[in-house]
Amino acid sequence: MSKYSIHVLEYAFVEEFPLSGLVYGAHNQGTCKLPYGYVLIKGNGHNILVDCGHDYAAYGKTLSDRFGVINWRSPADVLAEVDVTPADITDVIITHAHFDHMGGIQFFPNATFYIQERELSKWIQIMSLPRQFRWLMVATDPADILRCVALAEQGRLVSLSGDHEDLFPGVDVMLSKESHTPGSQYVVVRNDGLRESSDGYVLAGDLVYRDENLTGGDPDDPHYIPVGLATGSQTNILMTMDRMVKAVGGDRKRVIAAHEERLPGYYPSRITDAGLSIVEIALATGEPSAVA
Ligand SMILES: [Zn+2]
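So, here is what we can say about the structure in this document. (Residues numbered from 1 in each chain as written. Predicted model: local features only at pLDDT ≥ 70, side-chain atom pairs only at ≥ 80, totals over all residues. Heavy atoms only, no water.)

Along the chain, I126 turns up in helix α4 (residues 117-127). Residues I126 and L136 lie 10 residues apart in sequence; the distance between their C-alpha atoms is 7.3 Å. Setting aside residues no more than four positions away along its own chain, I126 makes contact with L136, M137 and P182. (Helix = DSSP H or I, 4+ residues; strand = E, 2+ residues; numbered from the N terminus. Contact = heavy atoms within 4.5 Å.)

Another point: the coordination of the zinc ion. H96 (NE2), H98 (ND1), H180 (NE2) and D206 (OD) make up the full set of protein donors to the zinc ion, lying at 2.1 to 2.2 Å. Around the zinc ion, the four donor atoms sit at angles spanning 92 to 162°, and that spread fits a shape best called irregular. On the primary sequence, the residues serving as donors to the zinc ion are separated as H-x1-H-x81-H-x25-D. By relative accessible area, H98 is classed as buried at 2%. (Donors = N, O, S within 2.8 Å, 3.2 Å for Na, K, Ca; no water. Tetrahedral: all angles 85-135°; square planar, octahedral: opposite > 155°, others 65-115°. Buried < 20%, exposed > 50% of the residue type's maximum accessible area, 1.4 Å probe, protein only.)

With that out of the way, let us pick up the sheet that holds strand β8 (residues 164-168). As summarised here, the arrangement of the five strands in space is β8-β9-β10-β11-β12, forming an open sheet in which the pairing is mixed. Pairing within the sheet leaves two strands with one partner each, and these edge strands are β8 and β12 (255-256). Where strand β10 (residues 183-190) lies against strand β11 (residues 200-203), four bridges are found, and the strand directions are antiparallel. In the sheet register, V187 faces β11, and the bridge partner there is L203. Along the sheet, helix α7 (residues 234-247) makes contact with β9 (171-177), β10, β11 and β12, crossing β9 at roughly 160°. (Pairing = 2+ DSSP bridges. Axes fitted to C-alpha atoms, helices over the stretch in contact; angles between N-to-C directions.)

Another point: the pattern of salt bridges. What the rule picks out here adds up to 18 salt bridges. A salt bridge links D199 to R254; its shortest N-O distance comes to 3.0 Å. In this pair, D199 is assigned in the loop between β10 and β11 and R254 in the loop between α7 and β12, connecting sequence segments 55 residues apart. As far as burial versus exposure is concerned, D199 and R254 are alike and both buried. We note a salt bridge from E261 to R210, for which the minimum N-O separation is 3.1 Å. With E261 in the loop between β12 and α8 (263-266) and R210 in the loop between β11 and α6 (211-215), this pair connects stretches of sequence that are 51 residues apart. Using a relative accessible area of 5% as the deciding quantity, one classes R210 as buried. Because the salt bridges share partners, they merge into one network encompassing E165, D166, D172, R190 and R195. (Salt bridge = Lys/Arg side-chain N within 4 Å of Asp/Glu carboxyl O.)

In this section: the packing of aromatic side chains. Tallied over the entire structure, the rule returns seven aromatic pairs. Plain terms: the ring middles of Y36 and F99 are 6.5 Å apart, the flat faces sit at 55° to each other, and that makes the pair tilted. Here F99 lies in helix α3 (residues 99-102) and Y36 lies in strand β2 (residues 31-43), a separation of 63 residues in the sequence. The two residues Y36 and F99 agree in class, both being buried. Considering the side-chain rings of Y114 and F168, the 5.6 Å spacing of their centres and the 80° angle between planes classify their relative orientation as edge-to-face. (Phe/Tyr/Trp six-rings, centres within 6.5 Å; stacked < 30°, edge-to-face > 60°.)

Glancing now at helix α5 (residues 142-153). For an α-helix the count is 3.6 residues per turn, leaving residues at separations of three or four pointing the same way. The first and last C-alpha atoms of α5 sit 17 Å apart over 12 residues, in line with the 16 Å expected at 1.5 Å per residue. Among all positions in α5, only D144, I145, C148 and L151 are buried. Projected down its long axis, α5 carries its buried residues within an arc of 110°, all on one side. In α5, the exposed positions angled more than 90 degrees off the buried face are occupied by L146 and E153. The residue sitting at the N-terminus of α5 and contributing the capping side-chain oxygen is D141; that oxygen lies 2.9 Å from the backbone nitrogen of A143. Positive phi shows up at G155, right after α5, with a value of about 75°. (Expected span 1.5 Å × (residues − 1). Arc of directions from axis to C-beta. Polar contact = N/O pair within 3.5 Å; in protein donor to acceptor, adjacent residues only side chain to side chain.)

All chains considered together, the criterion is met by zero disulfides. No disulfide involves C52; its sulfur sits 9.1 Å from the nearest other cysteine sulfur, which is in C148. Taking relative accessible area as the criterion, C52 reaches 1% and is therefore assigned buried. (Disulfide = S-S within 2.5 Å.)

With that settled, the discussion passes to the pairing of strand β1 (residues 5-18). Regular strands place their side chains on alternate faces of the sheet. In terms of residue burial, β1 counts as a mostly covered element, since 11 of its 14 residues are buried. Where β1 lies against β2, 11 bridges are found, and the strand directions are antiparallel. If you follow P18 over to β2, its bridge partner there is T31. Alignment of β1 against strand β4 (residues 69-70), held across two bridges, turns out to be antiparallel. Residue F13 lies in a different strand from β4, and its bridge partner there is I70.

In structure tokens form, the structure reads like this:
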């Protein structure tokens, strides 16, 4: 019995992104497609998003254009492909505060948001640093931080301190401190509901960008390579990758990276009329496929 349906929904992409931006040290190894997406976990009366994309407006548009993001579609358009509206979203787990993960807060009027307390407070601290530290803000929109604080005033923010098992039944969030960002978190879905799950998936946020981060390009004798962008410790990222792989019993394909362009080839998927992919990671028992 699977409790949740899990879909990775692409909402925009970069056509040619330097591989070295994703796999640490992969200099002069060319470019790849970089999809931007969020993950819908549906079941048990919840429509949970892991991250919420960004708005192609204001500074979100500026950052988008700087990274070469094209073909942006709104959450209303993207979620319609799986028969969900933004108003139906009950909960949003923010893996970290980069603009393409947290820049869509305003699209989800009924959702409660979950972020690590450390992620929020440390970004406020980073925003307070002198101008010469602005590289740290390379992918952060200050307006998103303000919107996140506003959620607290509205009673719609849950700030987490560390790992949290069963945030929803069978859904754990795990802190990866001082890694990709100060307080990144990733999500483990134990889809059989068991504590020692044999049907687990990890939704990795930006702690894994591509397969090479988990395999080193050698699946037969794998080693971990950090992601290409981090403000924290690369060692912490490698330790987190190992925790992730162990959480899915060593099956690396169950560590889901929404930025991995090859993901639609690993699971049932389809391309929408807008030219964006929908990847069906899991289906709750009895649910019809959204990609057939
Ligand atoms: Zn990021």
